[in-house]
Amino acid sequence: DAGVTQSPTHLIKTRGQQVTLRCSPKSGHDTVSWYQQALGQGPQFIFQYYEEEERQRGNFPDRFSGHQFPNYSSELNVNALLLGDSALYLCASSLQGGRGTQYFGPGTRLLVL
Amino acid sequence: DQQVKQNSPSLSVQEGRISILNCDYTNSMFDYFLWYKKYPAEGPTFLISISSIKDKNEDGRFTVFLNKSAKHLSLHIVPSQPGDSAVYFCAASANRGGADGLTFGKGTHLIIQP
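Residues numbered from 1 in each chain as written. Chains lettered and ligands numbered in written order. Predicted model: local features only at pLDDT ≥ 70, side-chain atom pairs only at ≥ 80, totals over all residues. Heavy atoms only, no water.

## Here's the deal with the interface of chain A and chain B
We count it as follows: Whether two residues are in contact is decided by their heavy atoms: any pair within 4.5 Å suffices. Summed over both partners, the accessible area lost on bringing two parts together, with a 1.4 Å probe, is the buried area. Any Lys or Arg side-chain nitrogen located within 4 Å of an Asp or Glu carboxyl oxygen qualifies as a salt bridge. A run of H or I in DSSP counts as a helix once it spans at least four residues, and a run of E counts as a strand once it spans at least two, with each numbered from the N terminus.
Taken together, the contact between chain A and chain B spans 21 residues of the former and 19 residues of the latter. Buried area between chain A and chain B, summed over both chains or domains, comes out near 1,500 Å², and the portion from carbon and sulfur atoms is 50%. Put simply, D100 of chain B and R55 of chain A hold a salt bridge, and the shortest N to O gap is 3.1 Å. Mapped by element, the contributors of at least two residues to the side of chain A that touches chain B are β4 (31-37), β5 (44-50), β6 (53-57), β9 (87-94) and β10 (103-104) of chain A.

Written as structure tokens, this is what we have:
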């Protein structure tokens with residue numbers, strides 16, 4: 001049973017560029033949440049997708065957007081990258097419309113130069 | 001403002017002894033709490049959770065205690081093993097089952113000494 005997978009594992013971008021990160025949820029899960037973890041900090045909630053719609057959003061600017069596909073996989077897009085966007089981006093999936101414990105993928109390490 | 005606080009950045013415990021990790025929260029709407037363990041270069045791994053209707057939940061070597069009046073929870077690991085060395089995150093949700101976005105503390109780095 002595959003767990004949560006994310007791609008790519010690492011990414012280097014320059015300021016002003018755009019980036020797309022991808023996530024496949026654990027088999028049977030239908031809800032995907034995205035988190036940003038800066039160095040030395042705990043993960044911070046960006047947003048959550050269920051039934052292909054953004055269900056809940058944390059305190060992140062509109063430069064952060066997402067999408068969920070019919071197969072429940074998800075993308076996180078970040079536009080106009082800033083140096084401060086350098087972080088580990090974590091995807092978590094859960095079951096039954098979000099009414100379950102969240103399980104995390106290994107993350108994508110983004111470095112913005 | 002930090003709604004979930006882990007005030008000990010690191011904790012060193014001898015192998016075989018008890019490890020106690022603490023977490024405080026300020027938001028009264030939180031009603032579901034989780035502990036995750038994280039190794040370097042991996043995502044957080046779910047350990048154990050507790051609903052606000054309980055004050056204790058146990059799973060093998062791991063026990064979580066919740067004191068709602070003090071807005072405090074703790075994770076006990078007995079006995080501590082070398083593989084327990086990792087960063088431990090406390091997380092909280094305002095929706096039973098952790099359905100909503102989780103609010104995390106900054107983590108406690110647990111080091112198990114042989």
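Structure's up, so let's keep going.
## As for the state of the cysteines
Definition in use: Cysteine sulfur atoms that come within 2.5 Å of each other are treated as a disulfide pair. Partly exposed residues are those whose accessible area sits between 20% and 50% of the maximum for their type, while under 20% is buried and over 50% is exposed, using a 1.4 Å probe and protein chains only.
In total, this model carries two disulfides over all chains according to the counting rule given. Sulfur-sulfur distance for the disulfide between C23 of chain A and C91 of chain A comes to 1.8 Å. Residues C23 of chain A and C91 of chain A are joined through a disulfide that is left-handed, its torsion about the S-S bond being -55°. Here C91 of chain A lies in strand β9 and C23 of chain A lies in strand β3 (residues 19-24), a separation of 68 residues in the sequence. Note on accessibility: C23 of chain A and C91 of chain A belong to one class, buried. Through a disulfide, C23 of chain B is tied to C90 of chain B; the S-S separation comes to 2.1 Å. The S-S bond linking C23 of chain B to C90 of chain B shows a torsion near -70°; that makes this disulfide left-handed. Here the residue C23 of chain B occupies a position in strand β3 (residues 19-25), and C90 of chain B occupies one in strand β9 (residues 86-93), the gap between them amounting to 67 residues.

## A word on the sheet that holds strand β1 (residues 5-7) of chain A
Residues and elements named next belong to chain A. What counts is decided by this rule: Whether two strands pair comes down to DSSP finding at least two bridges between them. In this description, a line fitted to the C-alpha atoms serves as the axis of each element, helices being fitted only across the stretch in contact, and the angle between N-to-C directions of two axes falls anywhere from 0 to 180 degrees.
Ordered by their spatial adjacency, four strands build an open sheet running β1-β3-β8-β7, and the pairing between neighbours is antiparallel. The sheet is open, and its two edges are formed by β1 and β7 (64-68), each paired on a single side. With direction set aside, neighbouring strand axes in the sheet form an average angle of 20°. Judged from the five bridges that link them, β7 and strand β8 (residues 74-78) form a sheet pairing that is antiparallel. Note on β8: the bridge partner recorded for F64 is V78.

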